[in-house]
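# Tertiary structure, described
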Amino acid sequence: MLRDVGSRDTEFIACIKFIRQKILEIAGVTNKKFSCIPMQGSGTFAVDASFQTVLPKEGARALVIENGAYGKRMVKICEAAGIACDVQSFREDRQVEPEVIDDALSGRTHYDLVAVVHSETSSGVINPVTEVGNIVKSRSPDSIFLVDAISSFGAVPLDLEASKIDVFISSANKCLQGVPGFAFVVARNELIDKCKGNSRTLSLDLYDQVKQLDKTSQFRFTPPTHSMLAFKQSLEEFEAEGGFAGRSKRYQENRAVLRQGMRELGFKELLDEKIAGYIISSYLYPKDPNFDFMDFYNRLNEKDLVIYPGKVLDIDCFRIGTIGDLHPEDMRILLKAIREVLADMNISVPVKN
Ligand SMILES: Cc1ncc(COP(=O)(O)O)c(C=O)c1O
């Protein structure tokens, strides 16, 4: 990625083609039915572009099913774009519930699009996307089913056909381990082909983006050349690790080591084991007067170990990610450091809850 290539270099054009094709392969679909549309920017840009592109400017209504910060972000995207939107909310420490969604779709309101997050990274919950997709299509066959799979694609199973997904979004810098700079949308060709002129913005238009890419294999506007070169390398590393199976296995091992070690230290998880994924784990603050999250965070940071604050409203917790170029040994290093930091903070182990 430290080389400069021109947006229209033959090498870069080959890189774009390789990436678009490889993502479809990882998604388990072919270009007969689906297109991979890379979009400059972060994951949110591609989610925004998806809503903007697949819904007409006038008269459309979306249903956003949410149980956390990234579901709520899709609601904000609709609000900002002027898309009428209803929201079906669930507790942040629970999965979304297919039966409730079934009820919501049985009413008189017609939804042009129903959206849900696969791995709700704000808590770590994995939502039952296949059940939701089947309910959407049985209740409302012409509704578009959109899935934010930003933090799960490449490492958590998601069968597009079985889940009746029309559009899903992910980004370069999550389970595929690229660097930030672009995101991508995988969308059904028959849907995208109908979306000319829908977008309310010039840049976040997936129709124009894909048509230009299909025709010339070039981006409409300056592409993130360095991020894409890095991503090509990431995809080769993904293959070398055994593809989906290898990546998913390592992340599950990371999570198992973390889980066992945190349990020994006395930490309690926010989520029930059955609904927790292996992307990120949320831990409740221990009930110890000496525990101060920022102090805990900074002390770990000084040891080059970066964790995340909690993102669940009303519940004090912090999060530990297990994706990226992290291995079980890194989890052991982290656990040892947590033990040392707790001792330095005069917090006895096992911590109190
Ligand atoms: C599930 C999910 N959706 C959306 C986003 C937003 O992505 P970005 O920060 O790249 O815009 C994230 C980021 O972590 C995420 O995990």
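First, a word on what this report is: a plain description of the structure on this page. (Residues numbered from 1 in each chain as written. Predicted model: local features only at pLDDT ≥ 70, side-chain atom pairs only at ≥ 80, totals over all residues. Heavy atoms only, no water.)

### Focus on the packing of helix H2 (residues 43-54) against helix H3 (residues 69-81)
- For the pair H2 and H3, interaxial distance at closest approach is 10 Å and the crossing angle is 50 degrees. On the basis of their axis angle, the class for H2 and H3 is oblique. In this structure, the crossing between H2 and H3 has a hand that is right-handed. On the side of H2, the interface is formed by Thr 44, Val 47, Asp 48, Phe 51 and Gln 52, while H3 contributes Arg 73, Met 74, Ile 77, Cys 78 and Ala 81.
- Grouping the amino acids of the contact of H2 with H3 by side-chain chemistry returns 6 nonpolar, 2 polar and 2 charged. (Axes fitted to C-alpha atoms, helices over the stretch in contact; angles between N-to-C directions. Helix = DSSP H or I, 4+ residues; strand = E, 2+ residues; numbered from the N terminus. Parallel < 35°, antiparallel > 145°, perpendicular 65-115°, else oblique. Left-handed = near helix turned anticlockwise from the far one by under 90°. Contact = heavy atoms within 4.5 Å. Nonpolar A, V, L, I, M, F, W, Y, C, P; charged D, E, K, R; others polar.)

### What about the site of the ligand?
- Residues in contact with the ligand, as listed here, are Ser 42, Gly 43, Thr 44, Tyr 70, Arg 73, Val 117, Ser 119, Thr 121, Asp 148, Ile 150, Ser 151 and Lys 174.
- Thr 121 has a polar side-chain atom sitting 2.5 Å from an oxygen atom of the ligand.
- Taking 390 Å² as the accessible area of the ligand by itself, protein coverage stands at 85%.
- Put simply, the parts of the chain that give the shell around the ligand at least two residues each are H2 and H3.
- Taken together, the residues of the shell around the ligand break down into 3 nonpolar, 6 polar and 3 charged. (Near = heavy atom within 4 Å. Polar contact = N/O pair within 3.5 Å; in protein donor to acceptor, adjacent residues only side chain to side chain. Areas by Shrake-Rupley, 256 points an atom, 1.4 Å probe, with all protein chains shown as cover.)

### Details of the environment of Phe 221
- Here Phe 221 lies in the loop between helix H7 (206-216) and helix H8 (225-240).
- Separated by 41 residues in sequence, Phe 221 and Met 262 have C-alpha atoms that sit 46 Å apart.
- The residues contacting Phe 221, other than those within four sequence positions of it, are Gln 40, Leu 202 and Ser 203.

### Description of the side chain of Thr 121
- Within the element layout of this structure, Thr 121 appears in the loop between strand E5 (119-120) and strand E6 (125-126).
- On the accessibility criterion, Thr 121 (14% relative accessible area) is buried.
- Looking at Thr 121, its side chain comes within polar contact range of the side chain of Ser 151, at 2.7 Å.
- Beyond its immediate chain neighbours, meaning those up to four positions away, Thr 121 contacts Tyr 70, Ser 151, Ile 280 and Arg 319. (Buried < 20%, exposed > 50% of the residue type's maximum accessible area, 1.4 Å probe, protein only.)

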